[in-house]
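In case you want the letters, here they are:
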Amino acid sequence: NNNNNNTMADNVEGFDQARLERVQEWVEKQVSMGRVAGMAVSVYRNGKECLSAARGLASVEAKTPMSTDTICRIYSMTKPLASVALLMLYERGLFQLDDPIAKYAPFFGDVSVAVGGSVDKDNLELKPAETPITFKHLLTHTSGLSYGFLPDDRGVHTLYSKYKVSFVPSVDGQTSTDGEKNSLELQCRRLAQVPLCFEPGTQWKYSYATDVVGYFVELFSGKSLAEFLREEIFAPLKMTDTDFFVPESKRDRFASCYLHAQAGAVIQNTGWATDVTFKLMDDNKGYHQDPAIYSGGGGLVGTLHDYQRFCQMLLNKGSLDGVRILGRKTVEYLSLNHLPEGRDLPGMGQPSLLNMSAKGIGYGLIGAVMTNPAEASNLCSAGEISWGGLASTMFWVDPAENLSVVLMAQLVPSSTYNFRRELRAAVYQALT
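Only a predicted model underlies this, so the values are computations on that prediction, with no experimental measurement involved.

Q: Explain the overall build of the protein chain here, please?
A: When its secondary structure is counted, the protein chain shows 12 helices and 20 strands. On C-alpha atoms alone, the protein chain measures out to a radius of gyration of 21 Å, which is about the 22 Å that the 2.2 N^0.38 rule sets for 432 residues. Over its C-alpha atoms, taken along the principal directions, the protein chain stretches across nearly 60 × 45 × 40 Å. Taken across its 432 residues, the protein chain has 57% of its residues classed as buried.

Here it is as structure tokens:
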């Protein structure tokens, strides 16, 4: 497909050129096998682009080719950006990481924990939380909060909809379900009414915590989350296409998002799907206007190269092209495993992520941190930071190899295929 981009640097920064081509072949294969409609990958090492490849279609219906500047929903890859924003405010002395969040948002002061029974049997037992939720709990997903789509033994996940918790903005702008003006504070107040799944600090569970982080960015900065990110991260890093909506002038570059039509079969990882039809997930219109509230947990869209700029800033210990976002020490600190006693995710009650073992993987202040590559059974380096998004996007930053990789696709859910591990193997086997 001549419309798809393809660049391979002459100077490949310690990569074997022929072996690096396997990454391109792998991208090609994901499309030709019918796994995804389109995919784009970028590999940087020592601050230089070594490979960027795009294959397939950004829109099957319009036959728009996937490109390295296609705008994609990055969903949970919003989380590292919102977390960095909060850490910038921490650097300014506005709070301490181990402060109880209720010190600044008193409505989080009397949260309860589900300790017995279940919602569906109507005998859920609650007790007041003994440990207050801290900012560090929020940043590490150890607060006891969860998501409505993540079932738990006691059925607490069903209560998020009961209390009308939603950080996904209503397209009509200002109104939330009860006629109140929608705001991150309103949603956080609702969230605080839902019992926690566990005592803060005792387990790891993916959660609305980063949406709460977004609320605190607004509270401490006096700006909306979007304003803060636009002015303090996106503009300085020249992440020109990253935002919470897609303006009309850029819509021709906005990818469609797909569900596998035969989702049941594919999620079981049957692999080589033939004759796949992609089912549109939405009509893109939810992203046509600036939303009423901003989700720090999953609201952004962006491009391959925009996100690579963010990765480069992290690899450079907080600065890029002469612009400093975070202090060197802050980047080193956020890159540590912050789970208690140096545990990995299974040690915190989370044995797997996206149908893959989570052994040897801890969690820092903006994403997962590789603590033990041997345990992880996956080519990688200790100290690598990574995360992904609902639509099969992913990134990782590897300080040991001075390497960063970003993958863009638009396939929901991200557990459908094992892209993360396959791409890691393809990239690392090419290093000399």
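Q: Got a minute to help me understand unusual backbone geometry in this structure?
A: Among all residues except glycine, the phi angle is most often negative; among peptide bonds, the trans geometry is most common. With an omega dihedral of 0 degrees, the bond running from Val412 to Pro413 counts as a cis peptide bond. Within the chain, Lys238 stands out as a residue other than glycine whose phi angle is a positive 55 degrees. You can see Lys238 is positioned in the loop between helix H7 (225-234) and strand S8 (258-260). The exposure class of Lys238 is exposed, given its relative accessible area of 54%.

Q: Explain the environment of Asn284 to me, please; I cannot follow it from the model alone.
A: Note that Asn284 resides in the loop between strand S9 (278-280) and strand S10 (301-302). C-alpha separation for the pair Asn284 and Ser256, spaced 28 residues apart in sequence, amounts to 6.7 Å. Here Asn284 is in contact with Arg73, Phe254, Ala255 and Ser256, once residues within four sequence places are set aside.

Q: Honestly, the sheet that holds S9 in this entry has me stumped. Any pointers?
A: Strand pairing within a sheet occurs via backbone hydrogen bonds; the two strands may be parallel or antiparallel. Ordered by their spatial adjacency, 3 strands build an open sheet running S9-S8-S20, and the pairing between neighbours is mixed. The open sheet has two free edges, formed respectively by S9 and strand S20 (411-412), since each of these has just one partner strand. Where S8 and S20 come together, 2 bridges link them in parallel fashion. Looking at the pairing, Tyr258 lines up with Leu411 of S20.

Q: Would you mind showing me how to read the pattern of salt bridges here?
A: Two side chains that carry opposite charge are able to pair once their charged atoms sit near each other. In the structure shown here, the tally under the stated rule is 24 salt bridges. We note a salt bridge from Lys127 to Glu130, for which the minimum N-O separation is 3.2 Å. A salt bridge links Glu185 to Arg189; the shortest N-O distance between them is 2.8 Å. On the criterion of helical spacing, the pair formed by Glu185 and Arg189 is a turn pair, its members being 4 residues apart in helix H5 (residues 184-191). Owing to a relative accessible area of 31%, Glu185 belongs among the partly exposed residues under this scheme. On the basis of relative accessibility, which here comes to 42%, the residue Arg189 falls in the partly exposed class. A single salt-bridge network, built from bridges that share partners, covers Asp69, Asp241, Lys250 and Arg253.

Q: Whenever I open this one, the packing of H5 against helix H6 (residues 209-221) confuses me. Can you help?
A: Packed helices, taken two at a time, are described by the angle between their axes plus the distance between the axes. At a minimum axis separation of 10 Å, H5 and H6 run at an interaxial angle of 135 degrees. What the angle tells us is that H5 and H6 run oblique. As for how H5 packs across H6, the hand of that crossing is left-handed. Along the contact surface, H5 presents Leu184, Glu185, Cys188 and Leu191, while H6 presents Val212, Gly214, Tyr215 and Glu218. Looking at the contact of H5 with H6, its residues break down into 5 nonpolar, 1 polar and 2 charged.

Q: Can you help me understand the packing of aromatic side chains in this one?
A: Within a pair of aromatic rings, the relevant descriptors are the distance that separates the centres and the angle that separates the planes. A complete count under the given rule lists 29 aromatic pairs for this structure. With a centroid separation of 5.9 Å and an interplanar angle of 25 degrees, the aromatic rings of Phe216 and Phe220 are classed as stacked. With Phe216 and Phe220 both in helix H6 and 4 residues apart, this pair spans about one turn of that helix. When sorted by exposure, Phe216 lands in the same class as Phe220, which is buried.

Q: Teacher, can you tell me more about helix H2 (residues 78-91) here?
A: Helical periodicity: at 3.6 residues per turn, an α-helix aligns residues three or four positions apart in one direction. End to end, H2 covers 20 Å across 14 residues, agreeing with the expected 20 Å (1.5 Å per residue, within 8%). Within the span of H2, buried status applies to Thr78, Lys79, Pro80, Leu81, Ala82, Ser83, Val84, Ala85, Leu86, Leu87, Met88 and Leu89. Residue Gly93 follows H2 closely and has a positive phi angle near 80 degrees.

Q: I keep staring at the side chain of His141 and nothing clicks. Help me out?
A: Among the structural elements, His141 can be located in the loop between helix H3 (135-140) and helix H4 (159-162). Sequence-distant contacts of His141, that is, excluding residues within four places in its chain, are made with Lys79, Gln203, Trp204, Lys205, Tyr206, Ser207, Ala209, Thr210 and Tyr363.

Q: What am I meant to see in the pairing of strand S19 (residues 403-409) here?
A: For a regular strand, side-chain orientation follows a simple rule: the groups alternate between the two sheet faces. Counting buried residues along S19, 7 of its 7 residues qualify, which places the element largely inside the surrounding structure. Here S19 shows two buried faces, one formed by Leu403, Val405, Leu407 and Ala409 and the other by Ser404, Val406 and Met408. By the bridge criterion, 7 bridges tie strand S2 (residues 38-45) to S19 in an arrangement that is antiparallel. Each residue of the ladder has a partner; that of Val41, found in S19, is Leu407. As defined by bridge partners, strand S18 (residues 394-398) adjoins S19 across 5 bridges and the pair is classed as antiparallel. In the strand pairing of S19, Met394 is matched with Leu407. The antiparallel hairpin formed by S18 and S19 contains 4 residues in its connecting segment, where Asn402 sits at a positive phi of about 50 degrees.

Q: When you look at the confidence of the model for the protein chain in this model, what are you seeing that I'm missing?
A: Close reading of the predicted structure is inappropriate where its pLDDT is low. Here the protein chain averages 92 in pLDDT, while 92% of its residues score no lower than 70. Across the protein chain, H2 holds the top mean pLDDT of 99, while helix H8 (residues 263-267) sits lowest at 39. A low-confidence stretch, residues 171-175 stays under pLDDT 50, and its non-local contacts, those more than four residues away or across chains, total 9 contacts. In the predicted structure, residues 263-275 sits below a pLDDT of 50 and forms 17 contacts with residues beyond four places in sequence or in another chain.

Q: Would you explain the pairing of strand S17 (residues 385-388) in this entry?
A: Residues of S17 alternate between two faces, with Ile385 and Trp387 on one and Ser386 and Gly388 on the opposite face, all of them buried. Bridging between strand S16 (residues 368-370) and S17 involves 2 bridges; their strand directions are antiparallel. Paired with Val369 across the strands is Ile385, a residue of S17. Linking S17 to S18, which pair antiparallel, is a turn of 5 residues; within it Ser392 sits at a positive phi near 70 degrees.

Analysis parameters
Residues numbered from 1 in each chain as written. Predicted model: local features only at pLDDT ≥ 70, side-chain atom pairs only at ≥ 80, totals over all residues. Heavy atoms only, no water. Helix = DSSP H or I, 4+ residues; strand = E, 2+ residues; numbered from the N terminus. Rg over C-alpha atoms; globule rule 2.2 N^0.38 Å. Buried < 20%, exposed > 50% of the residue type's maximum accessible area, 1.4 Å probe, protein only. Contact = heavy atoms within 4.5 Å. Pairing = 2+ DSSP bridges. Salt bridge = Lys/Arg side-chain N within 4 Å of Asp/Glu carboxyl O. Axes fitted to C-alpha atoms, helices over the stretch in contact; angles between N-to-C directions. Parallel < 35°, antiparallel > 145°, perpendicular 65-115°, else oblique. Left-handed = near helix turned anticlockwise from the far one by under 90°. Nonpolar A, V, L, I, M, F, W, Y, C, P; charged D, E, K, R; others polar. Phe/Tyr/Trp six-rings, centres within 6.5 Å; stacked < 30°, edge-to-face > 60°. Expected span 1.5 Å × (residues − 1). pLDDT = per-residue confidence, 0-100.

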